[in-house]
Structure formats: C-alpha cells, structure tokens
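Coordinates in review
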Amino acid sequence: MHSSSKVKIYIKLLTICFIILLSLSSCDLVGRNVSRDDAESAPIKSTQSSPIPISPDLEQYDVDITLYFLSEDGTSLVPERRTVKKGPERLEELVVSELIKGPMQRGHVAIIPPATKLLSVTSSDNIAFVDVSKDFLSIDEKSSNKLVLMVYSVVNTLTELDGIDKVQFLVEGQKAPIFPGINGQNPKENVQSGPIARANSLIQSPVTAVNSFLKALSANDLDKAYIYMSDDMNDKNKRSLQEFKDAAKQINFKLTDYAVYDYSLGLDGNEALVSVDFEIKLGDGSTIKRDKALLRTVRLNGIWKLEWALPFEDLQLEMLNAISK
C-alpha cells in the first residue's frame, strides 16, 4: 500500500513536469512564430551600398582649344585661344560648335553663317567628317575668297587637334561640292570635295600684316592702313585715326614700291621684326629708298599689328616716324 502511494505520487509529479514542459515549448514556438512574422513584414535591407549621386559638374573638365576666325580686314584667318568646359561630347564636335558661336575677342570676325547647324562630327583614319546643315553654304557665293576662308576656318581649327590631319565636309549627309577657289576647281563644276588638309598660309602672320599695311598705304587708303596699327590702349604712342590721317597729309608722300620678305620672331612669340624693301616719293620730289629695313610688329589678341614707334634698323622713315610722334 505504501509503495503504490509512492508510485502515484511519482506519476503525478511526472505529469506536472510534462505539462510544464509542454507549456514552455508552446510559448517558445509562439515567440518564434511572432518573430518570423515580424521579420517577413519588415523591409529587406540590402547588404550592397547605394550608389552615390555624381554632380554633373564633376563630369566636365576644362580644355584649351584654338579656333580660327576671319581677320578684321577679311583677308586671312586669326587664331583665338579659349578655355571651355568639355562634357560627354566629342572634342571635335565641341570645337566646331564653339566656332559656329563666333569670336569673343576684339578684331576677330565670325565667318560661318549663324543659322548653320552642326549635325555630327566623327573621325576615322586621321580624317574628321563634319556634317552640317545647308545653311553652311548660304555665305555670299560672289566672294570666293570668303568661302575659302570659311572652309579653312573649320579645317585649321580641327587640325589643331591631335590625330586630325584632314577634314571631309558633308552637307546634310552628302559630300559637299568643292567650293570656288579651292584646289583650283571650276566653281561651276559639281565636283565632290575630298578631305581637305590644313593651310597655314591663310593664317595671319607678321608678314601678311605688314604687306597689307603697305598695300593700303600705296593705295592711299589710310582708313584701311590704320587697321594694321597697334590698338594697344596702354601704348602711349597710340594715335587716333584722325591724327594718323593729319600726319600723313602733312608729309605729302607716295609709297611707290615695296616688297615684304621674312620675319624673325622674338623670344616671347609676341614680337617680330619684318624685313622690307620700300621706295617713297616725297612732295618735294625727293625719293627715299631702303633695302631689307626691319619693321617691328606685335601680336595682340592673336592678331599681328604694327608698333606705333615703327623703328627701322638704320632709319626712321620720315613719314612713318612723323605719324608716330
């Protein structure tokens, strides 16, 4: 009897323990289910870091380019150097776009018709292919020299870039006919233009500046001659156009002959001495003649001009010396 009572007591204890264990297990399972539900309802966090936004400014950088515009007298090309922001576009496309926009410096003249649209610029085998709208050809066809300078303003600009030696023009996807005066072709013939190489001879130089000055002087066109005189506002010797004309009239001279030769460039690249021959007849009938005299020029905004001092190697030419005083 005693032993059976003990057995019953053990059975009750085991039953109680079993119930407690079941209760604890149920609580644990409920807790786990709640945690799983919470986890499933919570937003998923990526282990990868989000990309950092890049400012458009960081995608651009400065580039130095050289553009060629028409000179003030309309006879040559003058370089204009500027710094521009480059983005994802091709550098060739950027420089042509800047060329169409026009110059920023005094004495430089826009030559490409402003309505011109740049359709595309590509390059292959050292040739740039420039596709423009037909407005490009709306320039005055009577001025073959202006057409030539317009074409070479693009050619000389693009061949400043590394890897570009020639330019092939396309007008709305088609090869453009050779322009009058280029390569000696008859402008009436519809000849297709091939790639065009650079022409340094069309770029204004100390020689072309002096030659143009003397040409205007020999024609007694003082307004045009004045264009080639230095316009440096800091030059104390600078004279107004009227003062220039008054001095020339007072001397009463005639430039009867001249020849312009080579030039020597100064160390800074902005001064040059130009070798010239000249013959001048004065009002009293006397003649002044010199060979290989040196005329000083300076470069301002990429344009070569004659200095107002106008020193010669062994002579201050009476007429020019009087104008400079």
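Whatever comes next refers back to the structure up there.
Since the model is a prediction, treat every value here as computed from it, not as a measurement.

What about the overall build of the protein?
In terms of helices and strands, the protein carries 7 helices and 12 strands. Within the protein, the proportion of its 325 residues that are buried is 39%. Sequence separation of 24 or more characterises 58% of the internal contacts of the protein that already satisfy a separation of 6 or more. Surface summary for the protein: the accessible area is close to 19,400 Å², and the carbon and sulfur share equals 53%.

A look at the packing of aromatic side chains
Describing an aromatic ring pair means giving the distance of the ring centres and the angle of the ring planes. For the structure on display, the rule yields 4 aromatic pairs. Look at phenylalanine 244 and tryptophan 308: their rings are 6.2 Å apart centre to centre, the planes differ by 85°, and that puts the pair in the edge-to-face class. In this pair, phenylalanine 244 is assigned in helix α6 (residues 241–251) and tryptophan 308 in the loop between β12 (303–306) and α7 (318–324), connecting sequence segments 64 residues apart. In this structure, phenylalanine 244 and tryptophan 308 share a single accessibility class: buried. Three or more aromatic residues joined by ring pairs form one cluster here, namely Tyr226, Phe244 and Trp308.

Side note on the sheet that holds strand β3 (residues 108–109)
Across the sheet, 3 strands lie side by side as β2-β1-β3; this open sheet has antiparallel pairing. If you trace the sheet from one side to the other, it starts and ends with β2 (77–86) and β3, each paired once. Relative to β3, strand β1 (residues 61–71) runs antiparallel, the two sharing 2 bridges. Directly across from leucine 70, in β3, lies its bridge partner valine 109. Packing of helix α2 (residues 91–101) onto the sheet brings it into contact with β1 and β2, and relative to β1 it is tilted by some 45°.

Structural notes on the side chain of asparagine 156
Within the secondary structure layout, asparagine 156 lies in helix α3 (residues 144–158). Of the residues examined, asparagine 156 reaches a relative accessible area of 0% and is grouped as buried. Beyond its immediate sequence surroundings of up to four residues, asparagine 156 is in contact with Tyr68, Leu77, Arg198, Ala199 and Ile203.

So, the pattern of salt bridges
In this structure the tally under the stated criterion is 12 salt bridges. A salt bridge links lysine 245 to aspartate 223; the shortest N-O distance between them is 3.1 Å. Of the two residues, lysine 245 is situated in helix α6 and aspartate 223 in helix α5 (residues 222–227); the sequence distance between them amounts to 22 residues. Exposure remark for aspartate 223: the relative accessible area of 40% places this residue in the partly exposed category. The network of salt bridges with common partners includes Glu80, Arg82, Glu98 and Lys101.

Here we look at the side chain of serine 133
Along the chain, the position of serine 133 falls in the loop between β5 (127–132) and α3. The buried category is assigned to serine 133, whose relative accessible area is 4%. Here aspartate 135 takes part through its side chain, which lies 3.0 Å from a polar atom of the side chain of serine 133. With sequence-adjacent residues up to four places away left out, serine 133 is seen in contact with Ala115, Thr116, Lys117, Leu119, Val171 and Glu172.

A look at α2
For α2, the set of buried residues is Glu92, Leu94, Val95, Val96, Glu98, Leu99 and Ile100. Following α2 by one or two positions, glycine 102 has its phi on the positive side, about 105°.

Regarding empty space enclosed by the protein
For the structure shown, the criterion picks out 2 cavities of 30 Å³ or more. Taken together, 16 residues line the largest cavity, and the ones lying closest to its centre are Ser71, Asp73, Gln204, Tyr228 and Ile303. Elements that contribute at least two residues to the lining of the largest cavity include exactly α4 (206–218) and β12. Broken down by class, the residue content of the lining of the largest cavity amounts to 6 nonpolar, 7 polar and 3 charged.

The rules behind each value
- Residues numbered from 1 in each chain as written.
- Predicted model: local features only at pLDDT ≥ 70, side-chain atom pairs only at ≥ 80, totals over all residues.
- Heavy atoms only, no water.
- Helix = DSSP H or I, 4+ residues; strand = E, 2+ residues; numbered from the N terminus.
- Buried < 20%, exposed > 50% of the residue type's maximum accessible area, 1.4 Å probe, protein only.
- Contact = heavy atoms within 4.5 Å.
- Areas by Shrake-Rupley, 256 points an atom, 1.4 Å probe, with all protein chains shown as cover.
- Phe/Tyr/Trp six-rings, centres within 6.5 Å; stacked < 30°, edge-to-face > 60°.
- Pairing = 2+ DSSP bridges.
- Axes fitted to C-alpha atoms, helices over the stretch in contact; angles between N-to-C directions.
- Salt bridge = Lys/Arg side-chain N within 4 Å of Asp/Glu carboxyl O.
- Polar contact = N/O pair within 3.5 Å; in protein donor to acceptor, adjacent residues only side chain to side chain.
- 1 Å grid on protein atoms, 1.4 Å probe; cavity = no way out; pocket = protein on both sides within 12 Å on 5 of 7 lines; lining within 4 Å.
- Points joined across faces, edges and corners; volume = space filled by probe spheres on them.
- Nonpolar A, V, L, I, M, F, W, Y, C, P; charged D, E, K, R; others polar.

These values are about where atoms sit, not about what they do.
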